Number of protein chains: 2
Amino acid sequence: MIHINKVGDLTGVTVRTLRYYDKIGLLKPASKTEGGHRLYTNEDIKKLQQIQFLKKIGFPLHEIKNMLTSSEWDWSESLKSQLSFVLKEQENLKKIELSLRELIHGIALEGEENWVAIQKTMQLSSKDKEMKQLYRESVFKPREIKLWKKVPNMTSDSPDSLEWIALIGQLKRYMMEGPKAPKVQNIIRRMDEKRLEEFEGEDEFLEKLWKIRMSPKQSEKLSLYPIDQNVLEFMEQAYAFFLAEKNNPQAE
Amino acid sequence: MIHINKVGDLTGVTVRTLRYYDKIGLLKPASKTEGGHRLYTNEDIKKLQQIQFLKKIGFPLHEIKNMLTSSEWDWSESLKSQLSFVLKEQENLKKIELSLRELIHGIALEGEENWVAIQKTMQLSSKDKEMKQLYRESVFKPREIKLWKKVPNMTSDSPDSLEWIALIGQLKRYMMEGPKAPKVQNIIRRMDEKRLEEFEGEDEFLEKLWKIRMSPKQSEKLSLYPIDQNVLEFMEQAYAFFLAEKNNPQAE
DNA sequence: TATATAAAATGACGTAACGTAAGCTTCAAG
DNA sequence: CTTGAAGCTTACGTTACGTCATTTTATATA
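Keep in mind that what you see is a predicted model, and the values were worked out from it rather than measured.

Parameters and conventions
- Residues numbered from 1 in each chain as written.
- Chains lettered and ligands numbered in written order.
- Predicted model: local features only at pLDDT ≥ 70, side-chain atom pairs only at ≥ 80, totals over all residues.
- Heavy atoms only, no water.
- Phe/Tyr/Trp six-rings, centres within 6.5 Å; stacked < 30°, edge-to-face > 60°.
- Helix = DSSP H or I, 4+ residues; strand = E, 2+ residues; numbered from the N terminus.
- Buried < 20%, exposed > 50% of the residue type's maximum accessible area, 1.4 Å probe, protein only.
- Lys NZ or Arg CZ within 6 Å of the ring centre and 35° of its normal.
- Near = heavy atom within 4 Å.
- Polar contact = N/O pair within 3.5 Å; in protein donor to acceptor, adjacent residues only side chain to side chain.
- Axes fitted to C-alpha atoms, helices over the stretch in contact; angles between N-to-C directions.
- Parallel < 35°, antiparallel > 145°, perpendicular 65-115°, else oblique.
- Left-handed = near helix turned anticlockwise from the far one by under 90°.
- Nonpolar A, V, L, I, M, F, W, Y, C, P; charged D, E, K, R; others polar.
- Contact = heavy atoms within 4.5 Å.
- Buried area = accessible area lost by both parts, 1.4 Å probe.
- Salt bridge = Lys/Arg side-chain N within 4 Å of Asp/Glu carboxyl O.

Undergrad: Explain the packing of aromatic side chains residue by residue, including any values.
TA: Counting across every chain of the model gives eight aromatic pairs over all chains. With centroids separated by 5.4 Å and ring planes inclined at 50°, the aromatic side chains of B:Phe140 and B:Phe205 adopt a geometry described as tilted. Taken together, the residues span a long stretch of sequence, with B:Phe140 in the loop between α7 (129-139) and α8 (142-148) and B:Phe205 in helix α11 (residues 203-214) at a distance of 65 residues. We classify B:Phe140 as buried; its relative accessible area is 5%. Between B:Tyr239 and B:Phe242, the aromatic rings sit 6.1 Å apart at their centres with planes inclined by 15°, giving stacked as the arrangement. Separated by three residues within a single helix, B:Tyr239 and B:Phe242 lie in helix α13 (residues 229-247), roughly one turn from each other. Lying over the aromatic face of A:Tyr174, A:Arg173 brings its terminal NZ or CZ to 5.9 Å of the ring centre.

Undergrad: Can you explain the protein's contact with DNA strand D? Please cite residues and give values.
TA: Taken together, 18 residues sit near DNA strand D, with A:Arg16, A:Thr17, A:Tyr21, B:Arg19 and B:Arg38 positioned nearest. Between a phosphate oxygen of DNA strand D and a side-chain N or O atom of B:Asn5, the distance comes to 3.3 Å. One nitrogen or oxygen atom from the side chain of B:Arg19 is found 2.5 Å from a phosphate oxygen belonging to DNA strand D. Examining the composition of the surface near DNA strand D, we find that four residues originate from one element, helix α2 (residues 15-23) of chain A, more than from any other.

Undergrad: If you had to explain the packing of helix α5 (residues 75-110) of chain A against helix α5 (residues 75-110) of chain B to someone new, which residues and values would you point to?
TA: Packing of α5(A) against α5(B) leaves a shortest axis separation of 9 Å and a crossing angle of 160°. As far as their axial angle goes, α5(B) and α5(A) are roughly antiparallel. Every pair of crossing elements has a handedness; the one defined by α5(A) and α5(B) is left-handed.

Undergrad: Would you mind going over the protein's contact with DNA strand C in detail, with residue names and values included?
TA: Neighbouring DNA strand C are 19 residues; A:Arg19, A:Arg38, B:Arg16, B:Thr17 and B:Tyr21 lie closest to it. A breakdown of the atoms of DNA strand C within 4 Å of the protein gives sugar and phosphate a share of 72%. Between A:Asn5 and DNA strand C, the recorded distance is 3.1 Å, taken from a side-chain N or O atom to a phosphate oxygen. Mapped onto the surface near DNA strand C, the elements with two or more residues apiece are α1 (4-11) and α2 of chain A together with α2 (15-23) of chain B. Of all the elements, α2(B) adds the most residues to the surface near DNA strand C, at four residues. Residue composition of the surface near DNA strand C, by class: five nonpolar, nine polar and five charged.

Undergrad: Account for the interface of chain A and chain B, with residues named and values stated.
TA: At the junction of the two partners, chain A supplies 34 residues and chain B supplies 33 residues. Roughly 3300 Å² of surface becomes buried between chain A and chain B when both sides are summed, with 77% attributable to carbon and sulfur atoms. Put simply, chain A and chain B have zero salt bridges between them. The set of elements that each furnish at least two residues to the side of chain A that touches chain B consists of α3 (42-56), α5 and α6 (116-125) of chain A. Looking at which element gives the most residues to the side of chain A that touches chain B, the answer is α5(A), with 20 residues.

Coordinates in, geometry out; function isn't part of it.
Listed below in structure tokens is the structure:
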């Protein structure tokens, strides 16, 4: 016969919990002292461990009670339904994770102080994702759909996407220095390097992508994070200058 | 000025919820009629949509309230901590998923009627998984560790593992017909085919595995689902008979 | 054996985010 | 002016306990 706090020590559950389980009839102690103190047996401990396990895998107490009392319980049934529930929960959390990453990257781009990023993402997220997939397929060729995966997007945590976000963020910061500023040109050079690494020879695709980028509405349809028009234009100027310099190095 | 049930139609939240948000000060309607009916503006609707989004990604209402009121809120901070929380939750659900699969497969093996499978798995799950990894590394060679992944286990949902479980389950059902029964021999043949497909030429490894299998204690240490001793022995007999038949087809 | 003290018992309130029901009041149409 | 629909407030129920507050029992010491 084991006292209540000893049971707690053995299994890690609190005294309060044991009293609660007693009250709801989930685990009644085998006996009591004449004064009313609860006394548990080894059997009770085993049952408690089963309860703990079933609770851990997500069953509510009232269902655990049924499971352990009714001998005719359809274990297979409830385990499978619990499994499908768990799978759904995981999908859901995956979506939440993507939204969070989008927001975090958005703030990295826009800076924390202004609400714009948050607003944009919250609007984006409220729309239908599947629609976008369909639209995407209508605009690009099948082969280009594969390339699409390499386009940096706000939900990815790949190093590549992160660097793109960082580069664009820096570009915004240095915009007031003009497109020819060395800092800006360094960023553009790095972008060009990455472009070559990832999209070498895919000029047609890049051309299409850039046109879409220049139209905020189309960008949004494709769930591209809407980059400010003036940033895009600035980028185009800086890139033009970069190309000119490259072809004619010593000129000034 | 929009009436409360219209707001519900527009955003999908219930009237009760809107009244609740009013009460806790999360979303107060811009004005009220003299009779006390709530009137919302377009601004309110926008705010409500933000609330919905933040709720969807897992923030509690009181935190959302802070986020939307205090202008100095550290968005980056709370988004990141929420992200890490979500990641932890996903890990947790993954573990739960594995436990559930283990139980479901256990029942497929032992049959629903007897508690044995459930008991066994519940005991297995309560122990430390990392310990097992270490033990495994001490028993097998590095090269064999890779092979280990192909050993059917109770938590996998790969077709291969499922078939092994099904085969062993059937074997148990036909045990009373003796090791020479055609049904039993068919199962053994299928097992042999699979063995060849997956472990061809790895005789040393299989030998080791089999020895461990014959010892319930060692099996458990490696988190192998403990198969009953008599089933294993029966399997050995049936397999011996199978080999004999194969080498000497027409004898009887 | 009386008493001090630890530990146990019961009862009640609080939690998060609403759902649901009861009973009363306001709004808008006819 | 009536009437039915919709709105209002109040309050209890939900999950699985945590956290008091108060009282009673068990046990060790004087």
